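Working through the structure, step by step
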Amino acid sequence: MKKVAKPFLTLGLAALLAVTLFTAPVMTAKAASSDSSSETTVVAGSGLTMSTDYPGVSVQAGNSVSFSLDFANGNSGQMVELSSKSSNDAITGYFQGGSNTVSSVYVKNGMNDGLVTYSVTVPDDTKDGTYTIDLTAKGESNTSTLRLTLNVSEVNLGASTMKSDYEEQEGSSSTSFTFNTTITNNALDTQSYSLSADAPDGWTVTFTPSDGSSAVSSIDIDGASSKTMTVSVKPAEGVTADTYPITINAKSAKENLSEDLTVTITGDYTMTLATQNQTLSFNAKANKATNVVLELTNTGNVAINNINLTASTPTDWTVEFDQSTIDTLAAGDTKTITATVTPSNSAISGDYEVDITAKGDEDSQTTQFRVTVQTQTSWGIIGIIIIVAIILALVGVFKKFGRH
């Protein structure tokens with residue numbers, strides 16, 4: 001009997017193994033078939049997992065930091081309760097979904113990216129050190145715990161920055177200075193920075209993003225990214241030669257960024273060019289030279305060097321200067337120059353434009369003069385004589401034949 005039972009036992013085990021092997025694929029196929037009608041992506045396996053991209057961050061006391069939380073759910077959708085426990089009772093945070101503070105969240109089957117944000121503020125009096133916060137997501141059948149690490153330090157190596165290519169520039173008082181400045185947002189989320197400047201009275205400071213054409217008062221920067229802008233600085237009128245500090249600021253809800261710029265004014269280089277009576281018009285005759293006395297004045301506070309005088313005229317006109325070059329014109333000095341203007345032979349009566357330019361190493365001044373060309377009077381006199389002769393002839397005719 002024992003010999004007979006052993007073969008039957010062996011055959012029974014083999015049959016059971018065969019049924020198991022052939023049945024498992026069928027059951028898997030049926031499960032896959034039944035799930036194929038659902039639009040929800042199914043995560044293989046089971047369990048609930050809560051995670052964040054950067055669980056360990058550096059932060060300064062008095063600042064805040066936020067963590068974007070992702071959830072992976074291998075079960076069907078479920079309600080999950082959220083809680084936190086900090087190693088320092090003074091460091092507390094809250095869960096936020098949308099614009100509301102939340103204590104629970106519905107986690108669908110599959111991946112749920114950025115479903116909740118956990119925000120925490122480090123008190124001002126927190127000592128430097130490493131602190132942990134344990135976040136717990138408790139589902140209907142599974143629980144997930146995530147540990148956050150805060151490295152509190154007086155110097156936050158991960159803080160956002162604002163940096164200009166060249167913090168110091170120099171030029172004349174008429175120069176418009178531009179600084180190429182980059183703001184880097186090292187936070188995890190988007191920050192909106194309000195822009196301002198501390199500048200001397202009368203100075204103008206504007207901020208223009210590199211991807212925009214107009215000045216702005218604020219700029220939005222995505223987390224872990226940067227934006228470049230042009231900071232334009234215009235000195236006040238009449239500013240004297242000196243060094244001027246300017247501080248630019250970018251303030252968000254989380255941090256205050258600033259950078260010190262320096263503008264050195266080398267002087268006020270300005271000139272004026274006009275006639276002695278300060279009028280910008282004179283009369284001339286065709287093909288006749290007319291002398292015009294000009295006054296070139298340095299109205300700035302430093303000397304202007306290597307000044308050359310040139311003229312832009314209508315066709316075939318000429319302008320000559322008794323002194324076309326001036327080596328140096330000291331601040332406040334006036335130089336008298338005679339310009340000889342000769343209209344072309346074909347110029348007819350009317351108004352014409354002549355531009356005279358005084359160009360130095362430090363400044364350039366162009367003045368536009370209106371020249372009124374008058375025709376020669378000889379033909380007018382001849383015309384008058386002819387008219388008088390005709391009138392006298394008519395009078396003679398009337399006297400001679402009037403009696404008849």
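Every value quoted in this text rests on a predicted model; they were computed, and no experiment measured them.

Basis of the calculations
Per-chain numbering applies: the sequence of each chain, read as written, is numbered from 1 onward. Thresholds applied to this predicted model are a pLDDT of at least 70 for local features of residues and 80 or more for the giving and counting of side-chain atom pairs; totals over whole chains, interfaces and linings are not thresholded and use all residues. Think of the side-chain values as coming from all heavy atoms in the structure, minus any hydrogens and water. Under the scheme used here, helices are H or I runs from DSSP no shorter than 4 residues and strands are E runs no shorter than 2 residues, and both carry numbers assigned from the N terminus. Working rule for contacts: check all heavy atoms of both residues, and any pair within 4.5 Å makes them a contact. For the accessible areas, the method is Shrake-Rupley and the probe is 1.4 Å, while residue cover comes only from the protein chains on display. Strands are labelled as partners when DSSP assigns at least two bridges between them. Each residue's exposure class comes from its accessible area (1.4 Å probe, protein chains only) as a fraction of the maximum for that residue type: buried when under 20%, exposed when over 50%, partly exposed otherwise. For the purpose of counting charges, residues Lys and Arg are taken to be positive, whereas Asp and Glu are taken to be negative. His and the chain ends are not included. Take a side-chain nitrogen of Lys or Arg and a carboxyl oxygen of Asp or Glu: if they are within 4 Å of each other, that pair is a salt bridge. Whenever a nitrogen or oxygen atom comes within 3.5 Å of another N or O atom, the pair is scored as a polar contact, on the condition that within protein one atom can donate a hydrogen and the other can accept it, and that pairs from neighbouring residues in sequence are kept only if both atoms are in side chains. Only the stretch in contact is used when a helix axis is fitted, and all axes are lines through C-alpha atoms; the angle between N-to-C directions ranges over 0 to 180 degrees. By nonpolar core we mean a set of buried residues, namely Ala, Val, Leu, Ile, Met, Phe, Trp, Tyr and Cys, connected to one another through side-chain atoms within 4.5 Å. For every residue, the predictor assigns a confidence score, pLDDT, that lies between 0 and 100. Ring geometry is summarised as follows: Phe, Tyr and Trp rings, the Trp one being its six-membered ring, pair when their centres sit within 6.5 Å, and such pairs are stacked at plane angles under 30 degrees, edge-to-face over 60 and tilted between the two.

1. With respect to the overall build of the protein chain
Counting its regular elements, the protein chain contains two helices and 28 strands. Pairs at least 24 residues apart make up 70% of the contacts formed inside the protein chain by residues separated by at least 6 positions. Only carbon and sulfur atoms are counted for the fraction: they give 52% of the accessible area of the protein chain, which is about 23900 Å².

2. Here we look at the pairing of strand 23 (residues 304-312)
Relative to strand 25 (residues 325-329), strand 23 runs antiparallel, the two being bridged by four bridges. Paired with isoleucine 304 across the bridge in strand 25 is leucine 329.

3. So, the side chain of aspartate 70
As for its position among the elements, aspartate 70 is in strand 3 (residues 64-73). Although aspartate 70 lies buried, it forms no salt bridge, and the closest oppositely charged side chain, lysine 108, sits 15 Å away as judged by the N-O distance. At a separation of 2.6 Å, a polar atom in the side chain of aspartate 70 contacts the main-chain amide nitrogen of glycine 114. Among residues more than four places away in sequence, those in contact with aspartate 70 are Thr49, Met50, Ser51, Asp53, Asn112, Asp113 and Gly114.

4. Focus: the sheet that holds strand 10 (residues 143-152)
Judged by pairing direction, the sheet is mixed, and its five strands sit side by side in the order 2-10-9-4-7 without closing on themselves. Edge positions in the open sheet fall to strand 2 (56-59) and strand 7 (104-107), since each of these has one partner strand only. For this sheet, the mean angle separating the axes of adjacent strands, direction not counted, is 30 degrees. Pairing between strand 4 (residues 78-86) and strand 9 (residues 129-138): six bridges, direction antiparallel. Of the residues in strand 9, the one forming a bridge with serine 86 is isoleucine 133.

5. Side note on the nonpolar core
Membership of the largest hydrophobic core comes to 27 residues, with the highest contact counts inside it found for Leu294, Leu296, Ile307, Trp317, Phe321 and Ile356. Excluding residues within four positions of it along the chain, isoleucine 307 makes contact with Met271, Leu296, Ser324, Thr325, Ile326, Leu329, Ala358, Lys359 and Gly360. In terms of nonpolar packing, the next biggest core, distinct from the first, is built from 26 residues, Val105, Tyr131, Ala137 and Leu150 among them.

6. So, the environment of serine 64
Secondary-structure assignment places serine 64 in strand 3. In the structure, serine 64 is positioned 55 residues away from serine 119 in sequence and 7.2 Å away in space, judged by C-alpha atoms. Excluding residues that lie within four positions of it along the chain, serine 64 makes contacts with Val120, Thr121 and Lys254. Within the structure, serine 64 has its side chain in polar contact with the side chain of threonine 121 (distance 2.8 Å).

7. Quick notes on the confidence of the model for the protein chain
As a general rule, the predicted coordinates of low-pLDDT regions are not to be interpreted in detail. Looking at the protein chain as a whole, its pLDDT mean stands at 85, while 85% of the residues score no less than 70. This stretch, residues 1-44, has a pLDDT under 50; its non-local contacts, to residues over four places away or in other chains, come to 10 contacts.

8. Let's talk about the packing of aromatic side chains
Taken as a whole and judged by the stated rule, the model has four aromatic pairs. Considering the side-chain rings of tryptophan 203 and tyrosine 244, the 5.0 Å spacing of their centres and the 45 degrees angle between planes classify their relative orientation as tilted. With tryptophan 203 in the loop between strand 14 (191-198) and strand 15 (204-209) and tyrosine 244 in strand 18 (residues 242-251), this pair connects stretches of sequence that are 41 residues apart. Just as tryptophan 203 is buried, tyrosine 244 falls in that class too.

9. Observations concerning the sheet that holds strand 11 (residues 161-164)
Read across the open sheet, the four strands follow the order 11-13-17-15; overall the sheet is antiparallel. Taken across any chain shown, the strands that pair with only one partner, and hence form the sheet edges, are strand 11 and strand 15. Across the sheet, the mean angle from the axis of one strand to that of its neighbour is 25 degrees, orientation sign disregarded. With four bridges connecting them, strand 11 and strand 13 (residues 177-185) associate as antiparallel partners. Paired with serine 164 across the two strands is threonine 181, which belongs to strand 13.

10. Quick look at unusual backbone geometry
Although it is not a glycine, glutamine 278 adopts a positive phi angle of roughly 65 degrees. Topologically, glutamine 278 is positioned in the loop between strand 20 (271-275) and strand 21 (281-285). Its identity is not glycine, yet asparagine 306 carries a phi of approximately 55 degrees, on the positive side. As for its position among the elements, asparagine 306 is in strand 23.

11. Structural notes on the pattern of salt bridges
Pairing is possible between side chains of opposite charge, provided their charged atoms come close. For the coordinates displayed, the defined rule picks out two salt bridges. Between aspartate 134 and arginine 147 there is a salt bridge; the shortest N-O distance is 2.7 Å. Here aspartate 134, found in strand 9, pairs with arginine 147, found in strand 10; they are 13 residues apart in sequence, far enough to count as distant. For arginine 147, a relative accessible area of 49% gives the class partly exposed. When the shortest N-O distance is used, the salt bridge between lysine 163 and glutamate 167 registers 2.7 Å.

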